[in-house]
Amino acid sequence: TYGDNVNAGNGAGTVTVENTGTTTVTVSAVYTPETAYAEITGTLGDAKTLAAAEKGTFTLTLSGKPNKALNGEKIGTVTVTIE
């Protein structure tokens, strides 16, 4: 399961992943900017190994300045991979 709390006001947010299974998993997260906002980059930290019932949180940190005014457009995507 996952939950998100992204606060665009300060350029950072979090994605929390909880392993509700019975085996250990490795979780990673990456940020990919939309083509129109390639000047905005994002990092989420290193992959995490989560045992059963364990949670891990990734903090999204954005940097860069948009080349046009933002009017609620999607600027990027966070992809979470569970292995």
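Structure first, text after, so check above.
The following paragraphs examine the structure supplied in this document. (Residues numbered from 1 in each chain as written. Predicted model: local features only at pLDDT ≥ 70, side-chain atom pairs only at ≥ 80, totals over all residues. Heavy atoms only, no water.)

So, on to the overall build of the chain. Across its full length, the chain carries zero helices and seven strands. Secondary structure elements of the chain, listed N to C terminal, follow the sequence β-β-β-β-β-β-β. Taking all 83 residues of the chain together, 19% fall into the buried category. Contacts spanning at least 24 positions in sequence make up 63% of the contacts within the chain whose residues lie at least 6 apart. On the chain, roughly 5,300 Å² of surface is accessible, and the fraction owed to carbon and sulfur atoms is 51%. (Helix = DSSP H or I, 4+ residues; strand = E, 2+ residues; numbered from the N terminus. Buried < 20%, exposed > 50% of the residue type's maximum accessible area, 1.4 Å probe, protein only. Contact = heavy atoms within 4.5 Å. Areas by Shrake-Rupley, 256 points an atom, 1.4 Å probe, with all protein chains shown as cover.)

This next bit is on the pattern of salt bridges. Counting across every chain of the model gives one salt bridge. The closest approach of N and O atoms between E34 and K74, which form a salt bridge, is 3.7 Å. With E34 in the loop between strand 3 (25-33) and strand 4 (41-43) and K74 in the loop between strand 6 (55-63) and strand 7 (76-82), this residue pair connects regions lying 40 residues apart in the sequence. Given a relative accessible area of 52%, K74 falls into the exposed group. (Salt bridge = Lys/Arg side-chain N within 4 Å of Asp/Glu carboxyl O.)

Let's shift gears to the nonpolar core. With 13 residues, the main nonpolar core has V17, V27, Y31, L44 and F58 as its most contacted residues. Secondary structure elements with two or more residues in this core: strand 2 (12-18), strand 3 and strand 6. Per-element accounting of this core gives the leading share, four residues, to strand 3. (Core = buried A, V, L, I, M, F, W, Y, C linked by side-chain atoms within 4.5 Å.)

This brings us to the sheet that holds strand 3. Taken together, three strands build an open sheet; the order of strands is 5-3-7 and the sheet is antiparallel. One side of each edge strand has no neighbouring strand; the edge strands of this open sheet are strand 5 (48-50) and strand 7. Shown here is a sheet whose adjacent strand axes are inclined to one another by a mean of 25°, direction ignored. The pairing of strand 3 with strand 7 spans seven bridges and is antiparallel. Pairing of P33 across the sheet is with G76, part of strand 7. (Pairing = 2+ DSSP bridges. Axes fitted to C-alpha atoms, helices over the stretch in contact; angles between N-to-C directions.)

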